[in-house]
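Coordinates in review
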Amino acid sequence: MSRIGRMPIAIPAGVTVEVAENNKVTVKGPKGTLERMLPVEMEIKVEGDQVLVSRPNDLKKMKSFHGLTRTLIHNMVVGVTEGFEKKLEVNGVGYRAAKSGKKLTLNLGYSHPVEMTDPEGIETVVDGQNLIIVKGIDKEKVGQFAAEIRDKRRPEPYKGKGIKYADETIRRKVGKTGKK
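Criteria and cut-off values
Residues numbered from 1 in each chain as written. Predicted model: local features only at pLDDT ≥ 70, side-chain atom pairs only at ≥ 80, totals over all residues. Heavy atoms only, no water. Helix = DSSP H or I, 4+ residues; strand = E, 2+ residues; numbered from the N terminus. Rg over C-alpha atoms; globule rule 2.2 N^0.38 Å. Buried < 20%, exposed > 50% of the residue type's maximum accessible area, 1.4 Å probe, protein only. Phe/Tyr/Trp six-rings, centres within 6.5 Å; stacked < 30°, edge-to-face > 60°. Lys NZ or Arg CZ within 6 Å of the ring centre and 35° of its normal. Pairing = 2+ DSSP bridges. Axes fitted to C-alpha atoms, helices over the stretch in contact; angles between N-to-C directions. Contact = heavy atoms within 4.5 Å. Core = buried A, V, L, I, M, F, W, Y, C linked by side-chain atoms within 4.5 Å.

1. Some remarks on the overall build of the protein chain
- A tally of regular secondary structure across the protein chain gives 3 helices and 13 strands.
- At 21 Å, the protein chain has a C-alpha radius of gyration far larger than the 16 Å of a compact globule built from 180 residues.
- Each of the three principal axes of the protein chain carries a C-alpha extent, and together these read 70 × 45 × 25 Å.
- A burial count over the protein chain gives 36% of its 180 residues as buried.

Below is the structure:
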């Protein structure tokens, strides 16, 4: 039995969860509304102040859908109450980030500044010159946009320059040495 899939999801005060046909789940909360189509095979029930997910049989595919469905609903509930955020650090001489309106401007050692516009439902905040915070209610979109920012200049192992997640550790390498 799926240990994660079995756990009930507590619905906090001020949050409503609705399950429509074909397992279209809508979660409304203080920060906004999230909608998602979930696997049709799963049985999603709202009982009182909790959501229960059950599976029809023990096929391998159903077992994997069970935990996934429960986690997706849980992330929607957490998103509309607290929201999600990812922190990115810009490391390197002359590397900096700036924000104007919805545009994020990154100077990353290229011949031109890299400009990125915040997608719908995502907000970026620049703290100082080298810390970028990506916030939003949809965990998937927050992670995706943070990954796109990081892709503009990935951290390299020799000097550690580039954009990295705040909790990421870069495995450093020793550079080459000259002949004697």
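2. Side note on the packing of aromatic side chains
- All told, the structure shown has 0 aromatic pairs when counted by the stated rule.
- Its end group placed over the ring of Y165, K86 keeps NZ or CZ at 5.2 Å from the ring centre.
- Note that R153 overlies the ring of Y110, its terminal NZ or CZ placed 4.3 Å from the centroid.

3. Some words on the sheet that holds strand β4 (residues 32-37)
- Pairing within the open sheet is antiparallel, and its 3 strands lie in the order β2-β3-β4. Single-partner strands in this sheet number two, and they are β2 (16-20) and β4. Within the sheet, the average angular offset between the axes of one strand and its neighbour, ignoring direction, is 15°.
- For β2 and strand β3 (residues 24-29), the ladder comprises 5 bridges, and the chain directions are antiparallel. By the bridge assignment, E18 is partnered in β3 with T26.
- Together, β2, β3 and β4 form the strand contacts of helix α2 (residues 60-81), whose direction differs from that of β4 by roughly 165°.

4. Thoughts on the nonpolar core
- Membership of the largest hydrophobic core comes to 20 residues, with the highest contact counts inside it found for L88, V90, L106, I132, V134, I149 and I163.
- The element contributing the most residues to this core is helix α3 (residues 139-151), with 4 residues.
- Counting 19 residues, the second-largest nonpolar core is a separate cluster that includes V51, V53, I73 and I137.

5. Here's the deal with the side chain of T26
- As for its position among the elements, T26 is in strand β3.
- In contact with T26, not counting residues within four places along its chain, are T16, V17, E18, T33, L34 and E35.

6. Here's the deal with the environment of P39
- One can find P39 in the loop between β4 and β5 (43-47).
- Under the relative-accessibility criterion, P39 is labelled buried at 14%.
- Each C-alpha atom of the pair P39 and F65 lies 7.1 Å from the other, and the pair is 26 residues apart in sequence.
- Among all residues touching P39, those that are not within four sequence positions of it are N23, F65 and T69.

7. Concerning the sheet that holds strand β13 (residues 162-165)
- Reading across from one edge, β11-β12-β7-β13 is the order of the 4 strands in this open sheet, with antiparallel pairing throughout. Of all the strands in the sheet, the pair left with one neighbour each is β11 (122-127) and β13. Across the sheet, the axes of successive neighbouring strands diverge by a mean angle of 25°, strand direction being ignored.
- Two strands pair when backbone bridges link them, and β11 and strand β12 (residues 131-136) are joined in this way by 6 bridges, in the antiparallel orientation. Bridging from a neighbouring strand, I122 pairs with G136 of β12.
- Taken strand by strand, α3 contacts β7 (84-91), β11, β12 and β13, and its axis lies near 5° from that of β7.

8. Quick look at the environment of F145
- Among the secondary structure elements, F145 is positioned in helix α3.
- For F145 and M76, which are 69 residues apart along the polypeptide, the C-alpha to C-alpha distance reads 18 Å.
- Leaving out residues up to four positions away in the same chain, F145 has contacts with M116, T117, D118, P119, I122, T124 and V134.

9. Section: the pairing of strand β8 (residues 96-100)
- Pairing analysis gives 5 bridges linking β8 to strand β9 (residues 103-107), with the strands arranged antiparallel. Paired with R96 across the two strands is N107, which belongs to β9.
- Adjacent in sequence and paired antiparallel, β8 and β9 are bridged by 2 residues, among which G101 carries a positive phi angle near 65°.

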